[in-house]
Amino acid sequence: MAATERFFCSESARLRSDPIAGTASHGVVWVLIEYRGGWPLNGFEGLDLEPETKAIVLSAAKAARARVLLVRRPGPRRREGQSHWAVLHHQESGEYRQRWGTWDKDEDLAEIATALSLPGTLGHPPVILVCTHSQHDQCCAVWGRPVGRALSERWPELVWECSHVGGDRFAGNVVVAPDGVYYGNLDAESSVATIEEHLAGRIHAEYLRGYTDLFPAQQAAVAATLGRFGPAGRNDYRVVETSRDGDHWRIRITGRPPHPARVDVELQAQPAPPRQLTCRGPAMSSATVYELILIRAV
């Protein structure tokens, strides 16, 4: 690569047609903290906050296996008014629970620890998170910010920019929480169409990275099911059996009407050739990809 050329991991991944199914980060609890200043490389942990409060939040988040994300509204940064925090839960029953609060002083964030131990309330609309963490990877800003603007114009109350969510090479990345659905390779136009369908209960396979309550092979199996049998709601398919023989996976999925009642999927996991997978990471890494071997409705 010439010294004057800039490397963009997302452009390279698109040129290679890197598979995105099975790449969502696992987790079912999110902590969102609105922060209007600049985001450090490592997000919340890098903020210059009161040490005891930060330790309380991080300890509680670790115990709950929660992901802590910094958030802000797209567009010009607002300097006045209270900032918000939220704790979002995706539960096995398919219910989504949220608890929101505000903070002015660092010490106010200690309330998050209590919120993580409470069930939260039902009925809130989902939160649409767009990764724009340029300090972590330049592609997140290059692709994420136009996506954030486009989505915010359509759903201003639902959309937040957020810090790193993983999968830099799939920018623009969008997470719908607490649904726990990752989308990638989005631009301004495709993001609006994708989220519009999501909110209408129709998740498509095209930009789907995965559901965060599933593990990679299961995510890839659900994406293959959606690709073969058409879009479905977040809870219309359920993984009920998973077995593995070496790198060969067999996954059984049940569906609600009018979707197939049972789908059997077989996948072969294999390493992709070593690549530079992030803009900031010069070291070569090999990602695992899942090749569809068989899919049938029973």
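Reading the values: the criteria
- Residues numbered from 1 in each chain as written.
- Predicted model: local features only at pLDDT ≥ 70, side-chain atom pairs only at ≥ 80, totals over all residues.
- Heavy atoms only, no water.
- Helix = DSSP H or I, 4+ residues; strand = E, 2+ residues; numbered from the N terminus.
- Buried < 20%, exposed > 50% of the residue type's maximum accessible area, 1.4 Å probe, protein only.
- Contact = heavy atoms within 4.5 Å.
- Areas by Shrake-Rupley, 256 points an atom, 1.4 Å probe, with all protein chains shown as cover.
- Lys, Arg positive; Asp, Glu negative; His and termini not counted.
- Charge placed at Lys NZ, Arg CZ, Asp CG, Glu CD.
- Patch = residues over 30% accessible without salt bridge, like charges linked within 9 Å, V, L, I, M, F, W, Y side chains within 5 Å.
- Salt bridge = Lys/Arg side-chain N within 4 Å of Asp/Glu carboxyl O.
- Phe/Tyr/Trp six-rings, centres within 6.5 Å; stacked < 30°, edge-to-face > 60°.
- Lys NZ or Arg CZ within 6 Å of the ring centre and 35° of its normal.
- Pairing = 2+ DSSP bridges.
- Axes fitted to C-alpha atoms, helices over the stretch in contact; angles between N-to-C directions.
- Polar contact = N/O pair within 3.5 Å; in protein donor to acceptor, adjacent residues only side chain to side chain.

A. The arrangement of the overall build of the chain in detail. The secondary structure content of the chain amounts to 6 helices and 13 strands. In terms of overall dimensions, the chain has C-alpha extents of about 55 × 55 × 35 Å along its principal axes. Burial status across the chain gives 51% buried among its 298 residues. If you take every contact in the chain between residues at least 6 apart in sequence, the share linking residues at least 24 apart comes to 65%. As presented, the chain carries roughly 14200 Å² of accessible surface, and 50% of it is formed by carbon and sulfur atoms. The averaged location of the 35 negative side-chain charges in the chain is 3 Å from the averaged location of its 33 positive side-chain charges.

B. Main features of a positive patch on the surface. A grouping of Arg-77, Arg-79, Arg-145 and Arg-149 is seen on the molecular surface, where their side chains present a positively charged patch. Structurally, the position occupied by Arg-79 is in the loop between β2 (67-72) and β3 (83-90). For Arg-79, a relative accessible area of 62% translates into the label exposed.

C. Local environment of the packing of aromatic side chains. Under the counting rule described, the total for this entry stands at 1 aromatic pair. One Lys or Arg, Arg-14, reaches over the ring of Trp-143 and ends 3.8 Å from the middle of that ring. Sitting above the plane of the Trp-160 ring, Arg-73 keeps its charged end 3.7 Å from the centroid.

D. Layout of the pattern of salt bridges. Inspection of the entire model under this criterion finds 14 salt bridges. One salt bridge in this structure joins Asp-213 and Arg-234, with 2.8 Å as the shortest N-O distance. Here Arg-234 lies in the loop between α6 (216-229) and β10 (237-245) and Asp-213 lies in the loop between β9 (208-211) and α6, a separation of 21 residues in the sequence. Ionic pairing is found between Arg-252 and Glu-241, a salt bridge with its closest N-O pair at 3.8 Å. With a gap of 11 residues between them, Arg-252 in strand β11 (residues 248-255) and Glu-241 in strand β10 connect regions that are remote in the sequence. Among the residues examined, Arg-252 registers a relative accessible area of 24% and is labelled partly exposed. Owing to a relative accessible area of 45%, Glu-241 belongs among the partly exposed residues under this scheme. Among the charged side chains, a salt-bridge network with shared partners connects Glu-241, Arg-252, Arg-262, Asp-264 and Arg-296.

E. Broad picture of the sheet that holds strand β6 (residues 159-162). Pairing is mixed across the open sheet formed by 9 strands, whose spatial order is β4-β3-β1-β2-β6-β5-β7-β8-β9. Looking at which strands have only one partner, the edges of the open sheet turn out to be β4 (96-103) and β9. Here the average twist between neighbouring strands, direction ignored, is 25 degrees. The sheet contact formed by β2 and β6 spans 2 bridges and is antiparallel. Counterpart to Arg-72 in the pairing with β6 is Glu-161. Those strands touched by helix α4 (residues 138-154) are β2, β5 (127-131), β6 and β7 (174-177), and its axis lies near 150 degrees from that of β5. The sheet strands contacting helix α5 (residues 188-199) are β5, β7 and β8 (181-183), and the helix crosses β8 at an angle near 160 degrees.

F. Representation of the side chain of Asp-236. Mapped onto the secondary structure, Asp-236 falls in the loop between α6 and β10. Although Asp-236 is buried, it makes no salt bridge; Arg-256 carries the closest opposite charge, 4.1 Å away. A polar contact of 2.7 Å, which involves the side chain of Asp-236, links it to the backbone nitrogen of Gly-233. What Asp-236 contacts, discounting residues up to four positions off in sequence, is Thr-254, Gly-255, Arg-256 and His-259.

G. Expanded view of the sheet that holds β11. Strand order in the open sheet formed by 4 strands is β10-β11-β12-β13, with antiparallel pairing between adjacent strands. At either margin of the open sheet sits one strand with a lone partner, and together these are β10 and β13 (288-297). Strand-to-strand twist of the sheet, defined as the mean angle between neighbouring strand axes without regard to direction, takes the value 25 degrees. Summarising the sheet, β11 and strand β12 (residues 262-271) pair through 7 bridges and their orientation is antiparallel. From the neighbouring strand, Arg-250 faces β12, where its bridge partner is Glu-266. Where α6 meets the sheet, it contacts β10, β11, β12 and β13, and its direction lies at approximately 50 degrees from that of β13.

H. Up close: the side chain of Asp-168. Position of Asp-168 relative to the elements: it lies in the loop between β6 and β7. No salt bridge is formed by the buried Asp-168. Its closest oppositely charged neighbour is Arg-209, at 7.3 Å. A distance of 3.3 Å separates the side chain of Asp-168 from the side chain of His-164, its partner in a polar contact.

Shape descriptors only; they carry no functional weight alone.
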